[in-house]
Amino acid sequence: MDYVKLGNTDIKVSRFCLGCMSFGDPASKMHAWTLNPSESEAIIQHALNLGINFIDTANIYSAGTSETYLGQAIKKNIARDKVVLATKVYFNEGHLSKGAIEKEIDGSLKRLGTDYIDLYIIHRFDYTTPIAETMEALHKLVQVGKVRALGASAMYGYQFYNMQLAAEQNGWTKFVSMQNHYNLLYREDERELIPICKQFNVSLTPYSPLAAGRLARLEWTTDTLRSKMDKTAIEKYDSTQQTDTNIVKRVHELAEKYGVTMTQIALAWQFVKGVTSPIIGATKTKYLDDAVGSLNVSLTPEDITYLEELYIPHRIVGAL
């Protein structure tokens, strides 16, 4: 496993981040395909054995049970200082207000069973709270030691720039990572958000790097429970299936050419595009093995052009 620094920090993260949206109690009614504690722990154990030290969850995933399962697994399997834990705040009462941030960080710390979060991520931009209030509240979490570094997630470029500017002008902690929606089927952030991230040396840790599995197979859908019931993924990708299928076919062609999997081609493309650590969600250990294999795949400039040239503009998905 390779490791790189997260933004301008000294925090070293693996080139893959384990996403924990698939862990949690299905009774929470968020997702019906989530794994129970022992199943979740098995995936986490395997990720750790592969050298993946970067793990991402959120306060809302399965009503907080994702954080609980993750915290229990970490406590049983590895020293706390050997992993980089990320969680999020926004989809909660008060969004990114001072009071909400103070309440939600304590809830996340309790569920994760730790006294600090390595990377605290705002899940979206908050139109209802002044930027200064949010950035100062986040900065105070760093000051008191509850958080080591700050990250942001899907939003418009101008919003991210304004938040960074507010932190810079007031001497507050700036964001060091961006968890945005980015893959071969959705590249809208190449217009503004990604260039802004590069300007600030912000690490890219995109979610859905395989477009909910659509870049990992020739078939657009499968018979899995998630494929049938993941309404979010359906809303993200199915409206552009007719055109995007042609990109999927090209991923398959290159996979055949190099004797690797489609997953590995799609992820190798991410690394060429400057991604620090794509977030890989997995319900089976073999999916992690497949992903890690992409580190051994080298794509030529001609390959990149071939993968990208059929892309057409998409409606914005992610930023609210």
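Structure first, text after, so check above.
Let us look at the structure shown here. For clarity, every value in this text was computed on a predicted model and none was experimentally measured. (Residues numbered from 1 in each chain as written. Predicted model: local features only at pLDDT ≥ 70, side-chain atom pairs only at ≥ 80, totals over all residues. Heavy atoms only, no water.)

**Some remarks on the pattern of salt bridges**
No. 1: A full pass over the atoms with the stated rule returns 18 salt bridges.
No. 2: Of the charged contacts, one joins Asp-10 and Lys-5 as a salt bridge, the two residues approaching to 3.4 Å between their closest N and O atoms.
No. 3: What makes Asp-10 exposed here is its relative accessible area of 64%.
No. 4: The salt bridge partner of Arg-214 is Asp-238, with a shortest N-O separation of 3.3 Å. Highlighted residues: Arg-214 in the loop between β9 (203-204) and α7 (225-229) and Asp-238 in the loop between α8 (231-237) and α9 (241-258), separated in sequence by 24 residues.
No. 5: Classification of Arg-214 as buried rests on a relative accessible area of 3%.
No. 6: Among the charged side chains, a salt-bridge network with shared partners connects Arg-187, Glu-190, Lys-273 and Glu-308. (Salt bridge = Lys/Arg side-chain N within 4 Å of Asp/Glu carboxyl O. Buried < 20%, exposed > 50% of the residue type's maximum accessible area, 1.4 Å probe, protein only. Helix = DSSP H or I, 4+ residues; strand = E, 2+ residues; numbered from the N terminus.)

**Side note on the sheet that holds strand β5 (residues 84-89)**
No. 1: Pairing is parallel in the open sheet, where eight strands are placed in the order β9-β8-β7-β6-β5-β4-β3-β10. Taken across any chain shown, the strands that pair with only one partner, and hence form the sheet edges, are β9 and β10 (279-281).
No. 2: Sheet topology places strand β4 (residues 54-56) next to β5; three bridges connect them, and they run parallel. Bridge assignment links Ile-55 to a residue of β5, and that residue is Leu-85.
No. 3: Each of β6 (117-122), β7 (147-153) and β8 (175-179) is contacted by helix α5 (residues 157-170), which is oriented at about 165 degrees to β8, the strand it contacts most. (Pairing = 2+ DSSP bridges. Contact = heavy atoms within 4.5 Å. Axes fitted to C-alpha atoms, helices over the stretch in contact; angles between N-to-C directions.)

**Topic: the layout of surface pockets**
No. 1: Approximately 200 Å³ is the volume attributed to the second largest pocket.
No. 2: Around the second largest pocket, the lining comprises 17 residues; the ones closest to its centre are Tyr-156, Gly-157, Glu-188, Asp-189 and Ile-316.
No. 3: Classifying every residue of the lining of the second largest pocket gives nine nonpolar, four polar and four charged. (1 Å grid on protein atoms, 1.4 Å probe; cavity = no way out; pocket = protein on both sides within 12 Å on 5 of 7 lines; lining within 4 Å. Points joined across faces, edges and corners; volume = space filled by probe spheres on them. Nonpolar A, V, L, I, M, F, W, Y, C, P; charged D, E, K, R; others polar.)

**Focus on the environment of Val-202**
No. 1: Relative to the helices and strands, Val-202 is located in the loop between α6 (193-199) and β9.
No. 2: The sequence separation of Val-202 and Met-178 amounts to 24 residues, and the corresponding C-alpha distance is 6.6 Å.
No. 3: Residues within four places of Val-202 in sequence aside, it is in contact with Phe-160, Gln-164, Phe-175, Val-176, Ser-177, Met-178 and Cys-197.

**A short note on the side chain of Asp-118**
No. 1: Within the element layout of this structure, Asp-118 appears in strand β6.
No. 2: Using a relative accessible area of 0% as the deciding quantity, one classes Asp-118 as buried.
No. 3: Residues in contact with Asp-118, not counting those within four places in the same chain, are Ile-11, Arg-80, Val-83, Val-84, Leu-85, Arg-148 and Ala-149.

**Quick look at helix α4 (residues 131-143)**
No. 1: Its 13 residues place the ends of α4 18 Å apart at the C-alpha level, agreeing with the 18 Å of an ideal helix rising 1.5 Å per residue.
No. 2: Turning to α4, its buried residues are Thr-134, Met-135, Ala-137, Leu-138, His-139 and Leu-141.
No. 3: On its buried face, α4 is in contact with α3 (98-112), β6, β7, α5 and β8.
No. 4: At the C-terminal side of α4, Gly-145 shows a positive phi close to 90 degrees. (Expected span 1.5 Å × (residues − 1).)

**A short note on the nonpolar core**
No. 1: Counting residues in each nonpolar core, the largest one holds 80 residues, and the members touching the most others are Tyr-120 and Phe-160.
No. 2: Among residues more than four places away in sequence, those in contact with Tyr-120 are Thr-87, Lys-88, Val-89, Ile-101, Glu-104, Ile-105, Leu-138, Leu-141, Val-147, Ala-149, Leu-150 and Gly-151.
No. 3: Among the nonpolar cores identified, the runner-up in size contains twelve residues, and Val-13, Cys-17, Val-84 and Val-176 belong to it. (Core = buried A, V, L, I, M, F, W, Y, C linked by side-chain atoms within 4.5 Å.)

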